[in-house]
Amino acid sequence: MFTPIVSMTWKLVRPLIFLCDSEFIHNLSTFLIRSFYQVFGRAILRIKVGGPITAPHPSTPIIGLAAGFDKNAEWLPTLPSFGFQFTEIGTVTPRPQSGNDKPRLFREVSNQTLFNRMGFNNLGATMIAERLRDVKPTLPQGFEVGVNIGKNKNTRNDDAALDYAAALSPFAELVDYAVINVSSPNTVGLRDLQTLESLFPIVQASQNVILSWKKSIPLYVKLAPEVSGESLSDLIQGLESKGIDGFILTNTLAGQYTHEGQALSGGWSGSCLTETSLERLKQARSMTKKTLISVGGIMSGAHAIERIQAGADRIQVYSGWIYGGPSFPWQLRSQLDNTLVSQSNR
Ligand SMILES: Cc1cc2nc3c(=O)[nH]c(=O)nc-3n(C[C@H](O)[C@H](O)[C@H](O)COP(=O)(O)O)c2cc1C
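Residues numbered from 1 in each chain as written. Predicted model: local features only at pLDDT ≥ 70, side-chain atom pairs only at ≥ 80, totals over all residues. Heavy atoms only, no water.

On the surface, a cluster of nonpolar side chains totalling about 410 Å² of accessible area is made up of Phe24, Leu28, Phe31 and Leu32. The class for leucine 32 is partly exposed, based on a relative accessible area of 48%. (Patch = residues over 30% accessible without salt bridge, like charges linked within 9 Å, V, L, I, M, F, W, Y side chains within 5 Å. Areas by Shrake-Rupley, 256 points an atom, 1.4 Å probe, with all protein chains shown as cover. Salt bridge = Lys/Arg side-chain N within 4 Å of Asp/Glu carboxyl O. Buried < 20%, exposed > 50% of the residue type's maximum accessible area, 1.4 Å probe, protein only.)

Right, dumping it as structure tokens:
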């Protein structure tokens, strides 16, 4: 009942919100949501933004928030209220860094895409892990948190493994899974790490960190949509042989955006990724039985269902939430639940 009201309100206010700079709106809503949480605390967990009044029947986590939206774990305690069942914080680097110069985030509303060249702006692993330690006890049971790790901009690729291990270390006993991100187009040279030769020491170093923890967690690698065919198969087979637990497909599509006559390099997400990301999922599923998290261009319930039917264990959204509005995750959940329940009743 709430969903139509929230989605109608969103359709009315969206044109006004979209008049403002994308990163300004992101920071303003982060500030508002944090203030709201500070005032109302745990009570916020009982609010369902655009969700059903009665609790939906419990299901395993399927719908998550993709990396890059809540880099610093600021939205975390409120995400279950929006209908998310898991989230991925980060990308987290060992040391804090401010990212690329602004402007660095743009919307193309007519074709429901986003363009970003953020460059891993984040508060650094230690501070983000401390924040996670504070809020973790307030999260509902079953809500999962993953951490997406990367290297600092000024770390040479030869030393990358040390950075990945250092970014992961503070998250001992705090996260449910970890993701090695070598696919962001916004850190110069990062994508060069998408080879087995470069990935082996990074995977090894990250596995050693996890081995030293009391509780083991799965380790995934997030890949770019440009990796396909033989390169994808080589990476999947090679990483599987090193004990990797799964893959996240895909990151943004590298490209350019013209702003005030200047061509900026960065990554595209949203509708332009729908087909490619689905294709990568299908290819990967034909190559592995490991966990696959599908992300990229999931803009509707139909897209979400398509991904699960194509073999995704879970899905993540970013652009779809921006365009679909606050109730988007609840909409995906109810459409997925209806489809999965009706299929299991057949
Ligand atoms: C502004 C922005 C920042 C992002 N930052 C990260 C990041 O730090 N790490 C990462 O792995 N992916 C990052 N992503 C990529 C998303 O996690 C996701 O893979 C991509 O946007 C495709 O999903 P979508 O089409 O639903 O947006 C970012 C995406 C956007 C739009």
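On we go from here.
Once that is clear, we can look at the sheet that holds strand β3 (residues 105-108). Pairing is antiparallel in the open sheet, where 4 strands are placed in the order β3-β4-β10-β9. Looking at strand neighbours, the two that pair on one side only are β3 and β9 (253-259), the edges of this open sheet. Sheet twist, expressed as the mean angle between neighbouring strand axes with direction ignored, is 40°. In this sheet, strand β10 (residues 262-270) lies alongside β9 in antiparallel orientation, the contact comprising 7 bridges. Counterpart to threonine 258 in the pairing with β10 is alanine 263. (Pairing = 2+ DSSP bridges. Helix = DSSP H or I, 4+ residues; strand = E, 2+ residues; numbered from the N terminus. Axes fitted to C-alpha atoms, helices over the stretch in contact; angles between N-to-C directions.)

Below, the discussion takes up the site of the ligand. The full set close to the ligand counts 25 residues, and Ala67, Thr91, Gly270, Gly297 and Ser319 are the nearest of them. Contact between the ligand and threonine 91: a nitrogen atom at 2.7 Å from a side-chain N or O atom of the residue. Asparagine 148 places a polar side-chain atom, nitrogen or oxygen, 2.9 Å from an oxygen atom of the ligand. Elements with a contribution of two residues or more to the shell around the ligand: β2 (86-92), β4 (113-116) and β10. Counted by class, the shell around the ligand contains 9 nonpolar, 14 polar and 2 charged residues. (Near = heavy atom within 4 Å. Polar contact = N/O pair within 3.5 Å; in protein donor to acceptor, adjacent residues only side chain to side chain. Nonpolar A, V, L, I, M, F, W, Y, C, P; charged D, E, K, R; others polar.)

Bringing unusual backbone geometry into the picture now. In this chain, glycine 90 is followed by threonine 91 through a cis amide linkage whose omega measures 15°. Looking at the secondary structure, you find threonine 91 in strand β2. Although it is not a glycine, alanine 73 adopts a positive phi angle of roughly 60°. For alanine 73, the position within the fold is in the loop between β1 (63-65) and β2. Unlike most non-glycine residues, glutamine 112 shows phi in positive territory, near 50°. On the secondary structure map, glutamine 112 appears in the loop between β3 and β4.

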